[in-house]
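Analysis of the macromolecular model
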Amino acid sequence: MIIEPKVRGFICTTAHPDGCMENVKRQIEYTKNKGKVNGAKKVLIIGSSTGYGLASRIAVTYGEGASTLGVMFEKEATERKPASAGWYNTVAFEKFAKGDGYYAKSINGDAFSKEVKDKVIETIKNDLGKVDMVIYSLAAPKRKTEDGTIYNSTLKTTEGNFTNKSLDLRNNIVVEATIPMANEKEIHDTIKVMGGEDWKQWIKCLADADVLEDGAITMAYSYIGPELTYPVYYNGTIGMAKKDLYNTSVDINNEFHDKGIKAYISINKAIVTQASSAIPIVPLYMSILYKVMKEKNIHEGSIEQMNRLFREKLNKGNVIVDEKNRIRLDDYEMRKDVQEQVMEYWEKVNSENINNFADIDGYWNDFYNMFGFKFDNVDYSRDINLV
Ligand code: NAD
């Protein structure tokens, strides 16, 4: 089968195995070129197959020589449909990592479930003994709890309707979008899915099973962004969940203090991922941000961010944090000169001048690359045997 991209708004329903392999390979090469540093040796990554989780996995393996166990929720190929990008990324990553002599195993299943937590604990006990780092990089649309209840996460505001410019992803036209306000249940349910409850459950299960090294570090990823996106992000339903995630880091530090476990939130930069493309208004902000940061030569994608995290911010025993104990990888994005320029472009941008003020090509290139498409050295005419 010849696999072509099938884009529906903010999602691509196909993925290319060769392109996903190329994506992983480029991230590995970037990390290898930076050389090795001291760091974590045995790392569990929950949400390891795409975006920040995949980049974390690559950065700790090739930057610190770590063994990694990954957890993801991805789809295998069928006779008629290619696998999901995260599936192909993981196959590619394991192939490279094992070929280079690193331990790398992945568990495909629902991270919210007890079954997957048990499987992870068993695998750690059998293969690694204990882990010294746990990265929680889940971005999930829904969560099923043990009693069978399903909670859906919503991307809405919490303080009334919000109208602003937005990019219509079907045709690159700048439109006005109105994001409605969530009700109490939607806010509650989004916190259930994207807040810290499950992160803490993971840490409790791992600590109870005695598979965490003394002094182990756990980290979850978050975002703040500029005031422009506050109604839809920081003060939106997702922002409420992220506040809960932050509070959970404080709880974990208090409750697991005796075991020497340290929890951090890393505030990362806005990048194009499957999760971020789905947030209204954010794709236009991101394409303007890309333009500004590229003009200033400080643009970063997931692998650049994660290398900076492990090399510069998380140097063993010396974690660089702000006044709230958060790691700030959004330092370049939030720079005054960057945000002033973004705001100037935001005011000016419209459908006619969009290429002057927004890096639409860069946005779409990252988007297609995420699903393994539009790499210049991949032969997309190759007939792929799906299964
Ligand atoms: P992503 O969509 O690329 O990755 C999500 C990962 O979670 C995938 O590996 C997926 O398989 C896994 N996953 C989803 N549901 C699962 C389930 N039920 N069980 C097991 N695995 C599951 O997302 P991302 O953008 O890399 O986001 C990761 C984290 O980084 C999130 O917390 C997000 O809020 C945060 N973050 C993202 C950005 C950004 O701009 N993309 C910025 C700052 C922080």
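The rules behind the values
- All chains use their own residue numbering, which begins from 1 and follows the written sequence.
- Reporting of local features is limited, given that this is a predicted model, to residues whose pLDDT is at least 70; pairs of side-chain atoms are given and counted only at 80 or more, and all residues count toward the totals for whole chains, interfaces and linings.
- Each side-chain value is derived from all of the structure's non-hydrogen atoms; neither hydrogens nor water enter the calculation.
- The helix count covers DSSP runs of H or I at least four residues long, the strand count covers runs of E at least two residues long, and both are numbered beginning at the N terminus.
- One less than the residue count of a helix, multiplied by 1.5 Å, gives the span that helix is expected to have.
- Buried residues are those whose accessible area, probed at 1.4 Å on protein chains only, stays under 20% of the maximum for their type, while exposed residues exceed 50% and partly exposed ones sit between those limits.
- We call a residue near a molecule or strand when any one of its heavy atoms sits within 4 Å of it.
- Distance and chemistry together define a polar contact, namely a pair of N or O atoms within 3.5 Å, with one atom able to donate a hydrogen and the other to accept it when in protein, and with adjacent residues in sequence counting only for side-chain atoms on both sides.
- Each accessible area value is a Shrake-Rupley result obtained with a 1.4 Å probe; residue values ignore everything except the protein chains displayed when judging cover.
- Gly counts as polar in this scheme, as do all residues outside two lists: the nonpolar Ala, Val, Leu, Ile, Met, Phe, Trp, Tyr, Cys and Pro, and the charged Asp, Glu, Lys and Arg.
- Under this scheme, a helix contributes an axis fitted over its contacting stretch, all axes are lines through C-alpha atoms, and angles between N-to-C directions fall in the 0 to 180 degree range.
- Small angles under 35 degrees read as roughly parallel and large ones over 145 as roughly antiparallel, with 65 to 115 read as roughly perpendicular and the rest as oblique.
- Crossing handedness is defined as follows: a turn of the near helix away from the far one that is anticlockwise and smaller than a right angle gives a left-handed crossing, while the clockwise case is right-handed.
- Note on contacts: a residue pair is in contact if any heavy atoms of the two residues lie within 4.5 Å.
- A pair is scored as a salt bridge if a Lys or Arg side-chain nitrogen falls within 4 Å of a carboxyl oxygen belonging to Asp or Glu.
- UniProt positions are given in the numbering used here, feature names are shortened, and annotations may be inferred rather than shown by experiment.

Here helix α2 (residues 51-64) spans 19 Å end to end across 14 residues, near enough to the 20 Å set by a 1.5 Å rise per residue. Taking burial as the measure, the 14 residues of α2 include 13 buried ones, the bulk of the element. Immediately downstream of α2, the backbone of G65 shows phi near 70°, a positive value.

Surveying the vicinity of the ligand reveals 30 residues, the closest of which are S49, Y52, A111, K242 and T273. One of the side-chain nitrogen or oxygen atoms of T50 is found 2.9 Å away from an oxygen atom of the ligand. Summarising the interface, the protein chains cover 93% of the accessible area of the ligand, which totals 840 Å² for the free molecule. Among the elements of the structure, α2 and β11 (212-222) are those that each provide at least two residues to the shell around the ligand. Here the residues of the shell around the ligand are counted per class, giving 14 nonpolar, twelve polar and four charged.

Turning our eyes to something else, we now look at the packing of helix α1 (residues 17-33) against helix α3 (residues 85-99). Helix-helix packing is described using two parameters, namely the angle between the two axes and the distance between the axes. One can describe the packing of α1 onto α3 by two numbers: an axis separation of 8 Å at closest approach and a directional angle of 55°. Accordingly, the angle class assigned to the pair α1 and α3 is oblique. With respect to the hand of their crossing, α1 and α3 are arranged in right-handed fashion. Across the interface between the two elements, P17, C20, M21, N23, V24, K25 and I28 of α1 pack against A85, Y88, N89, A92, F93, K95 and F96 of α3.

Right, let's talk about the side chain of Q27 for a bit. Within the secondary structure layout, Q27 lies in helix α1. Setting aside residues up to four positions removed in sequence, Q27 forms contacts with L54, A55, I58, S302 and I303.

This paragraph deals with the pattern of salt bridges. The full count for this structure, using the stated rule, is 28 salt bridges. As a salt-bridge pair, D210 and K130 come within 3.3 Å of each other at their nearest N and O atoms. In this pair, D210 is assigned in the loop between α6 (197-208) and β11 and K130 in the loop between α4 (114-128) and β6 (131-136), connecting sequence segments 80 residues apart. Between K296 and D337 there is a salt bridge; the shortest N-O distance is 3.1 Å. Residue K296 is found in the loop between α8 (282-295) and α9 (302-313), and its partner D337 is found in helix α10 (residues 336-348); the two are separated by 41 residues along the sequence. Given a relative accessible area of 30%, D337 falls into the partly exposed group. By sharing partners, the salt bridges in this structure join E300, R308, K313 and D331 into a single network.

So, on to the UniProt feature "binding site: substrate" (unreviewed entry) in the protein chain. With numbering matched to this structure, UniProt assigns "binding site: substrate" (unreviewed entry) to Y223. Under the relative-accessibility criterion, Y223 is labelled buried at 11%. Within the structure, Y223 has its side chain in polar contact with the side chain of E333 (distance 2.6 Å).

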